[in-house]
Amino acid sequence: MLDYLVRNACLNGENALVDLAIRDGKIVEIAQSIAGDAPCFDAEGQLINCGFVESHLHLDKACILDRAKNETGTLAGAIRAVANAKSGFTEDDIYARGARVIEKAITEGTNAVRTHVEIDPGIGMTGFNAIKRLKADYAWAMDIEICVFPQEGLFNYPGTEELLRTALDNGADLLGGCPYMDTDPNGQILRLFEMARDYDVDLDFHLDFDLDGSWRHLDEVAKQSIAFGWQGRVMIGHVTKLSVLSKPELDDTIAMMRDAGIGLTVLPATDLFLTGRDHDHSVPRGVAPAHKLAAHGLCCTIATNNVLNPFTPYGDCSLSRMANLYANVSQLSTEAELENCFAMVADAPAKLLGRSSKIAVGEAASFIVLPAQSRAQVVSEISRPVWGMKNGRVTFDHPAARLHRP
Ligand SMILES: [Zn+2]
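(A) Spotlight on the coordination of the zinc ion. Of the protein atoms, only H56 (NE2), H58 (NE2), H206 (NE2) and N305 (OD1) coordinate the zinc ion, at distances of 2.0 to 2.4 Å. Here the donor residues of the zinc ion share one chain and are spaced in sequence as H-x1-H-x147-H-x98-N. Of the two residues, H56 is situated in strand 6 (residues 52–57) and N305 in the loop between strand 13 (300–302) and helix 10 (319–329); the sequence distance between them amounts to 249 residues. For the pair H56 and N305, one class covers both residues: buried.

(B) Representation of the nonpolar core in the model. Within the largest apolar cluster, 109 residues are counted, with the highest numbers of intra-cluster contacts made by V148, F205, I236 and L264. The element contributing the most residues to this core is helix 2 (residues 91–107), with seven residues. Counting residues in hydrophobic clusters, the runner-up holds 16 residues, among them A9, V18, I27 and V369.

(C) Inspection of the packing of helix 2 against helix 3 (residues 126–137) at higher detail. Running from N to C, helix 2 and helix 3 cross one another at 45°; their axes reach a closest spacing of 9 Å. The orientation of helix 2 with respect to helix 3, classified from their angle, is oblique. When you trace helix 2 past helix 3, the crossing you get is right-handed. Contacts between helix 2 and helix 3 pair E91, D92, I94, Y95, G98, A99 and I102 from the former with T126, G127, N129, A130, I131, R133, L134 and D137 from the latter. Looking at the contact of helix 2 with helix 3, its residues break down into seven nonpolar, four polar and four charged.

(D) Examining the pattern of salt bridges more closely. Overall, the coordinates contain 29 salt bridges when judged by the stated rule. With a shortest N-O distance of 2.8 Å, D200 and R233 are connected by a salt bridge. Placement of the pair is D200 in the loop between helix 5 (185–199) and strand 10 (203–207) and R233 in the loop between helix 6 (218–227) and strand 11 (234–238), with a sequence separation of 33 residues.

(E) Geometry of the side chain of T253. Along the chain, the position of T253 falls in helix 7 (residues 247–260). Those residues in contact with T253, other than ones at most four positions away along the chain, are R216, L218, L242 and L245.

(F) Quick peek at the sheet that holds strand 7 (residues 110–118). If you walk across this open sheet you meet the eight strands as 6-7-8-9-10-11-12-13, and the pairing is parallel. Of all strands in the sheet, those bounded by a partner on one side alone are strand 6 and strand 13. The mean angle between the axes of side-by-side strands here comes to 20°, regardless of whether they run parallel or antiparallel. Bridging between strand 12 (residues 262–266) and strand 13 involves three bridges; their strand directions are parallel. The partner of T265 across the bridge, within strand 13, is T301.

(G) Seen up close, the environment of A269. Its place among the elements puts A269 in helix 8 (residues 268–274). Owing to a relative accessible area of 8%, A269 belongs among the buried residues under this scheme. Placed 87 residues apart in sequence, A269 and S356 show a C-alpha to C-alpha distance of 27 Å. If we skip the residues at most four places from it in the chain, A269 touches T312, M322 and L325.

(H) Fine view of the environment of T126. With respect to the helices and strands, T126 occurs in helix 3. Sequence separation between T126 and F89 is 37 residues, and the spatial gap between their C-alpha atoms is 8.1 Å. In contact with T126, other than residues within four places in its own chain, are F89, T90, E91 and I94.

(I) Quick look at the side chain of T301. Within the secondary structure, T301 sits in strand 13. For T301, a relative accessible area of 0% translates into the label buried. Here S55 takes part through its side chain, which lies 2.8 Å from a polar atom of the side chain of T301.

(J) Broad picture of the packing of aromatic side chains. Per the stated rule, a full pass over the model turns up nine aromatic pairs. A centroid spacing of 6.2 Å and a plane angle of 35° characterise the contact between Y138 and W140, whose relative ring orientation is tilted. Classification of Y138 by relative accessible area gives buried; the value is 9%. A relative accessible area of 40% means that W140 is categorised as partly exposed. Considering the side-chain rings of F367 and W387, the 6.0 Å spacing of their centres and the 65° angle between planes classify their relative orientation as edge-to-face. With F367 in strand 14 (residues 367–370) and W387 in strand 15 (residues 387–390), the pair connects residues that are 20 residues apart, well separated along the chain.

Each value, and the rule that gives it
Residues numbered from 1 in each chain as written. Predicted model: local features only at pLDDT ≥ 70, side-chain atom pairs only at ≥ 80, totals over all residues. Heavy atoms only, no water. Donors = N, O, S within 2.8 Å, 3.2 Å for Na, K, Ca; no water. Helix = DSSP H or I, 4+ residues; strand = E, 2+ residues; numbered from the N terminus. Buried < 20%, exposed > 50% of the residue type's maximum accessible area, 1.4 Å probe, protein only. Core = buried A, V, L, I, M, F, W, Y, C linked by side-chain atoms within 4.5 Å. Axes fitted to C-alpha atoms, helices over the stretch in contact; angles between N-to-C directions. Parallel < 35°, antiparallel > 145°, perpendicular 65-115°, else oblique. Left-handed = near helix turned anticlockwise from the far one by under 90°. Contact = heavy atoms within 4.5 Å. Nonpolar A, V, L, I, M, F, W, Y, C, P; charged D, E, K, R; others polar. Salt bridge = Lys/Arg side-chain N within 4 Å of Asp/Glu carboxyl O. Pairing = 2+ DSSP bridges. Polar contact = N/O pair within 3.5 Å; in protein donor to acceptor, adjacent residues only side chain to side chain. Phe/Tyr/Trp six-rings, centres within 6.5 Å; stacked < 30°, edge-to-face > 60°.

It is worth stressing that arrangement in space is one thing and function is another; only the former is reported here.
Right, dumping it as structure tokens:
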């Protein structure tokens, strides 16, 4: 007995349409014209793919434009505005704003998220507790991985390390960093590697978030990644400094990151909004060339980062839109280039979060249906998923738009 049949599905790279049979939350058969009278969904020749995976998203400080304005449009202005607003955050407030973002993300086809949660003596465990509740309450549609990190610094904010350790003892999945906010950046990097070793968790740094190519923290992260044997367990986000490197400099940096097993998350909406504010014309775009790193086998992802806050006053939580934004800024257009952009919001972040991105027999029946025939088309047209399933249960749908002709 089957639970569902999905008919006429287009799988990436396959010419013929297939049917998917689903039982007990899993895909149990993929073939042309599967017989059976189970309840049926007609995919109508549309693309079926694993859901999008958001590898870097701040739920705790989302949707606060009503109370926090970035007066300068700079990174410093955003940090200042959020730090001020944070003193008014309550657990229920964080929960409500986070829920709004998660629900948007679900309807945009995302079914897994790595969320960065601020921990310091000011906010204490308030944000962490709210996100843990969200993780439990939305598990039916979204898998949430919690990355705790010291947004306001570690060594300059006594008590932060103890709270981070408490979070790691109580269900945090990994540890983030923000060395540019610390009075001792290299000290923060070293301490975070030590804590990662203590708890056997991965690391995910906010790093090198400006356009000055004369210095950077990446070299220290690479050095410690090798020293601690943490290759393949370290991500770095933003790294807008990569956008100002010449080709030989970038080639050297890619080789160093490969040796150190470091991956890159690019956050186009935030990077475009905050960087280059000291230019009044020919504003540099500050988006790291993730596709060039991905071409050398590095784990590269594109993510949303912030939604409707002083870091990024935009946001629909659409990763097909974010992939399109990256492609546009990076001047990518061929089928292979756009396919690669899709991979950076699906396959690569799925792998990063330890998930399968395959549509295959034996895999969980967790996927989205996209009104397109190829993944490149999804990126070029910013296709919005029409419905999706997690573990064999439909979690959202968007009825197709209809014309009302005269
Ligand atoms: Zn971030």
